[in-house]
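Observations on chain architecture
Below are the chains, spelled out letter by letter.
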Amino acid sequence: MNKLFEEYVFWKLKALENEQIKVQRQASKPFWQRRTIRPDLVLQIGQRKYVLDTKWKVLQNNAPSIEDLKQLYVYGQYFKAERGVLLYPKMHTLKNSPVIPFQPIENETPTIYGQVLFLPILTESGKLNKEIGKELLTSLNK
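What you are looking at is a predicted structure, and each value in this text was computed from that prediction instead of being measured.

**Re the pairing of strand S6 (residues 83-89)**
- The element S6 is largely enclosed, with a buried count of seven among its seven residues.
- Along S6, one buried face is formed by Arg83, Val85, Leu87 and Pro89 and the opposite face, lined by Gly84, Leu86 and Tyr88, is buried too.
- Taken together, strand S5 (residues 48-54), helix H2 (residues 66-78) and S6 constitute a β-α-β crossover, and its handedness is right-handed.

Take a look at the structure:
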């Protein structure tokens, strides 16, 4: 389901591409020996870059796992993104988190920020949410 979720979000963002909005799926960079790192999505909006990682998990609160946060931070470093975003399906009444800076490393610039967003997969009428890309972009600009 995680791949399906990732694919759906990608294609809904891809449909919104224009001169200001660019989206890449599974962009890869060398990491260690022959291993690479590959965030689900890299989104460029104007001069701002985001790494997006989809997670098909149901959270009970706004607290992602430390492993997911570490992964997001590394993606931000390697892809020179100002913000890393964990995307979860909205299953409860959990609210999106504010944009929160990761603890800076001494002499590190710029600061990388993290955020948790919950995307509604279904509309209130129970149909597939075809506006998920627009809603995601709106959430990123808040």
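**Points about the layout of surface pockets**
- Considering only enclosed or pocket space, the largest pocket measures out at about 150 Å³ in volume.
- In terms of lining residues, the largest pocket is bounded by Pro64, Leu69, Leu72, Ser97, Pro98, Ile100, Pro101, Phe102, Gly114, Gln115 and Val116.
- Contributions of two or more residues to the lining of the largest pocket are made by H2, strand S7 (100-101) and strand S8 (113-119).
- No other element matches S8, which puts three residues into the lining of the largest pocket.
- Along the lines of polarity and charge, the residues of the lining of the largest pocket split into eight nonpolar, three polar and no charged.

**Some details on the confidence of the model for the chain**
- Across the chain, pLDDT averages 92, with 99% of residues at or above 70.
- Per-residue pLDDT, averaged within each element of the chain, yields its smallest value for strand S2 (residues 29-32) (90) and its largest for strand S4 (residues 41-45) (97).

**Description of the packing of helix H1 (residues 2-14) against helix H3 (residues 132-140)**
- Where H1 meets H3, the closest approach of the two axes is 8 Å, and the angle between their N-to-C directions is 80°. Here H1 lies roughly perpendicular to H3, going by the angle between them. Judged by residue contacts, Tyr8, Val9, Lys12 and Leu13 of H1 engage Ile132, Gly133, Leu136 and Leu137 from H3.
- Grouping the constituent residues of the contact of H1 with H3 by class yields six nonpolar, one polar and one charged.

**Quick notes on the nonpolar core**
- Ranked by size, the top nonpolar core spans 21 residues in total, and within it Val9, Leu13, Leu43, Leu52, Leu87, Leu136 and Leu140 carry the most contacts.
- Looking at this core, the elements that each hand over two or more residues are H1, strand S1 (21-25), S4, S5, S6, S8 and H3.
- At five residues, the largest contribution of residues to this core is made by H1.
- Contacts of leucine 140, omitting those with residues within four sequence positions, involve Leu43, Ile45, Tyr50, Arg83, Val85, Gln115 and Leu117.

**Comments concerning a nonpolar patch on the surface**
- A cluster of nonpolar residues, Met1, Leu4, Trp56, Val58 and Met91, forms a patch on the protein surface that exposes about 510 Å² of accessible area.
- Mapped onto the elements, leucine 4 comes out in helix H1.

**Notes on the packing of aromatic side chains**
- All chains considered together, the criterion is met by five aromatic pairs.
- Above the ring of phenylalanine 10, the side-chain terminus of arginine 25 is found at 5.9 Å from the ring centroid.
- Positioned above the aromatic ring of phenylalanine 79, the side-chain terminus of lysine 29 is 5.2 Å from the ring centre.

**Structural notes on the side chain of glutamate 6**
- Looking at the secondary structure, you find glutamate 6 in helix H1.
- A polar atom in the side chain of glutamate 6 sits 2.9 Å from the side chain of arginine 25.
- Beyond its immediate chain neighbours, meaning those up to four positions away, glutamate 6 contacts Arg25, Gln26, Asp40 and Thr54.

Reading the values: the criteria
Residues numbered from 1 in each chain as written. Predicted model: local features only at pLDDT ≥ 70, side-chain atom pairs only at ≥ 80, totals over all residues. Heavy atoms only, no water. Buried < 20%, exposed > 50% of the residue type's maximum accessible area, 1.4 Å probe, protein only. Helix = DSSP H or I, 4+ residues; strand = E, 2+ residues; numbered from the N terminus. Right-handed = clockwise from strand over helix to strand, strands pointing away. 1 Å grid on protein atoms, 1.4 Å probe; cavity = no way out; pocket = protein on both sides within 12 Å on 5 of 7 lines; lining within 4 Å. Points joined across faces, edges and corners; volume = space filled by probe spheres on them. Nonpolar A, V, L, I, M, F, W, Y, C, P; charged D, E, K, R; others polar. pLDDT = per-residue confidence, 0-100. Axes fitted to C-alpha atoms, helices over the stretch in contact; angles between N-to-C directions. Parallel < 35°, antiparallel > 145°, perpendicular 65-115°, else oblique. Contact = heavy atoms within 4.5 Å. Core = buried A, V, L, I, M, F, W, Y, C linked by side-chain atoms within 4.5 Å. Patch = residues over 30% accessible without salt bridge, like charges linked within 9 Å, V, L, I, M, F, W, Y side chains within 5 Å. Areas by Shrake-Rupley, 256 points an atom, 1.4 Å probe, with all protein chains shown as cover. Salt bridge = Lys/Arg side-chain N within 4 Å of Asp/Glu carboxyl O. Phe/Tyr/Trp six-rings, centres within 6.5 Å; stacked < 30°, edge-to-face > 60°. Lys NZ or Arg CZ within 6 Å of the ring centre and 35° of its normal. Polar contact = N/O pair within 3.5 Å; in protein donor to acceptor, adjacent residues only side chain to side chain.

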